[in-house]
Structures are given as C-alpha cells and as structure tokens.
Amino acid sequence: MLNNQVAFRRVAAGALLIVAPLLQAVAVVVDPGTWGDDREAVSFGANPALAQIQSVLYHWSWMLMAVAVLGLMHLTRRKAVRLGHVAGALTMIGYLQLSGLLLSDPVEWWLGQRHTPEEAQRIMDEMLGLPGVVFGFQMPWMFFGFLGLPVLTAAVWRAGFVGWWAPLVVAAGYLGSFAVPYGPGTVPFWIAPVAALGWIGLKILRMGDEAWADYYPARVRPEAESSRV
C-alpha cells in the first residue's frame, strides 16, 4: 500500500476521519476537568494519570484531524473548490494551534501541586496572557478548527459526497459546545460529530481506489496539447 498513492491516501483519509474525532470524544470523557473542579490545577491534581491521558488523546486527535482535513479537501476537487480550499486551510491551522496549547496542562498540574488553586490560576493567567502567547497561539487561530470543520464538511456536502445531515451534525456538535461551559454538557456535543465524520470516513474506505482516483484531474496527453497549438 505504501507504493500505491491512491490506496494509501484513501485509506489514511478514511481511517483518520474515524479515529481523530473518536479520540477527542474519549478525551472529554476521561478528562478529570470534565467532571471535577473547573479549576484544572485542582482537578488535574486529583487524578494526574487521567489528566495526562486526556492531554495525549486531545493532542493526537487534533494532530490527526489536521491531516484528515486533506482527505476532505480531496472530495471538493470537482465542486465547491474555493470553499474547500479556504475552509480546509483554516481548519488545519486551527487544529495545529489547539494541539500546541496542550503543553499548558502539565504546567497547570505542576503549579497546582505547589500553590493554592487561586495562586496557580493567577500564575497561569499571567503566563498565558503574554501578547506572544495570546496572538501567536490563541487568538483567533485556536477557533479556526472548530469553526472551519463544519464549513469544510458543508463543502463536501455541496460536492455531493454526503447528505445535508453530516455538516449539520458537525456544526451542532462543535459550535453548540461553545454555548455551554466545558464540563459534562460538552460530552454529548463532542460525541455527535463522531457519527458524521465517521460516516464520511467509512464511505471513503468503501468507495474503492478507482472512485477515489476519479477526483484527480485528468492528465492532458502531449498529443492533445500539440493539437491545440
């Protein structure tokens, strides 16, 4: 498969669209901050093992989703091309930025072990409030992933690959999660897109190499070029 560009890219895209959102859904379930104190310096300290696991799960979910976006963009080669390009680029940037922010998790746990929750929060706010951190890693880039993915899925729908319900579920899940504080209410919102993105991934795995290759632009033969001159 490594020597077959069509098969490798198709299988990788399909598998990642299943795995990446699933890892995020598992992460929000095992995150001590979802169910415990909303101050992570406290909740992470109560269960440091799960705190590390959720960080790793989020990291790989968002890294893999950035790669999976390339597969969704491939499906917009025939139609909704511009929308696919713009939404895909912004989504990739957003997920890569989100992954980088996870390095603050062990720092917050470390501070929580050595300071009161209030002091730990004060130090974290001071660190993350630096202009280079805010504008280099957070604003507005960190929102591009959750905002761009529903738009990109809508482009895939416009391209005719999936039904209207898929972008609707992705948008309801990721955008709806902004309406509730991070906690138990986030869980159903982040589980919902697993079905929609997983369905797209399953369709890609089932479509076969020939159907995937049909999305590539047809190569113009040299004789055809010469006939145009």
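Just above sits the structure.
A. Expanded view of helix H4 (residues 48-74). End to end, H4 covers 40 Å across 27 residues, agreeing with the expected 39 Å (1.5 Å per residue, within 8%). The principal kink in H4, of about 30°, is found at alanine 66.

B. Representation of the pattern of salt bridges in the model. Counted according to the given criterion, the structure contains four salt bridges. The salt bridge partner of glutamate 118 is arginine 39, with a shortest N-O separation of 3.3 Å. Within this pair, whereas glutamate 118 is found in helix H7 (residues 117-128), its partner arginine 39 is found in the loop between helix H2 (32-35) and helix H3 (40-46), the two being separated by 79 residues in sequence. The exposure class of arginine 39 is partly exposed, given its relative accessible area of 32%. Measuring nitrogen to oxygen at the nearest pair gives 3.1 Å for the salt bridge that ties glutamate 126 to arginine 122.

C. Representation of the packing of helix H6 (residues 104-114) against H7 within the structure. At their nearest, the axes of H6 and H7 sit 9 Å apart, and the two run at 150° to each other. Considering only the axes of H6 and H7, their crossing is right-handed. Only Ala120, Gln121, Ile123, Met124, Met127 and Leu128 of H7 make contact with H6, whose side of the interface consists of Ser104, Val107, Glu108, Leu111 and Gly112. Grouping the constituent residues of the contact of H6 with H7 by class yields seven nonpolar, three polar and one charged.

D. Region of interest: unusual backbone geometry. The linkage connecting methionine 139 with the following residue, proline 140, adopts the cis geometry, with an omega of -10°. Inspection of the secondary structure puts proline 140 in the loop between helix H8 (131-138) and helix H9 (144-158). Phi is positive for alanine 80, which is not a glycine, with a value near 55°. Along the polypeptide, alanine 80 turns up in the loop between H4 and helix H5 (81-101).

E. Spatial organisation of the nonpolar core. Leu75, Tyr95, Leu149, Phe161, Tyr174, Ile200 and Ile204 are the most contacted members of the largest nonpolar core, which totals 40 residues. Elements supplying a minimum of two residues to this core: helix H1 (5-30), H4, H5, H9, helix H10 (165-176) and helix H11 (186-213). Top element by residues in this core is H4. It accounts for 10 residues. Setting aside its immediate chain neighbours within four residues, isoleucine 200 contacts Leu17, Leu72, Leu75, Thr153, Phe161 and Val162. If you look at the next biggest cluster of nonpolar residues, it comprises five residues, including Ala41, Leu111, Ile123 and Met124.

Conventions adopted
- Residues numbered from 1 in each chain as written.
- Predicted model: local features only at pLDDT ≥ 70, side-chain atom pairs only at ≥ 80, totals over all residues.
- Heavy atoms only, no water.
- Helix = DSSP H or I, 4+ residues; strand = E, 2+ residues; numbered from the N terminus.
- Expected span 1.5 Å × (residues − 1).
- Bend = angle between axes of the 7 residues up to and from the residue.
- Salt bridge = Lys/Arg side-chain N within 4 Å of Asp/Glu carboxyl O.
- Buried < 20%, exposed > 50% of the residue type's maximum accessible area, 1.4 Å probe, protein only.
- Axes fitted to C-alpha atoms, helices over the stretch in contact; angles between N-to-C directions.
- Left-handed = near helix turned anticlockwise from the far one by under 90°.
- Contact = heavy atoms within 4.5 Å.
- Nonpolar A, V, L, I, M, F, W, Y, C, P; charged D, E, K, R; others polar.
- Core = buried A, V, L, I, M, F, W, Y, C linked by side-chain atoms within 4.5 Å.

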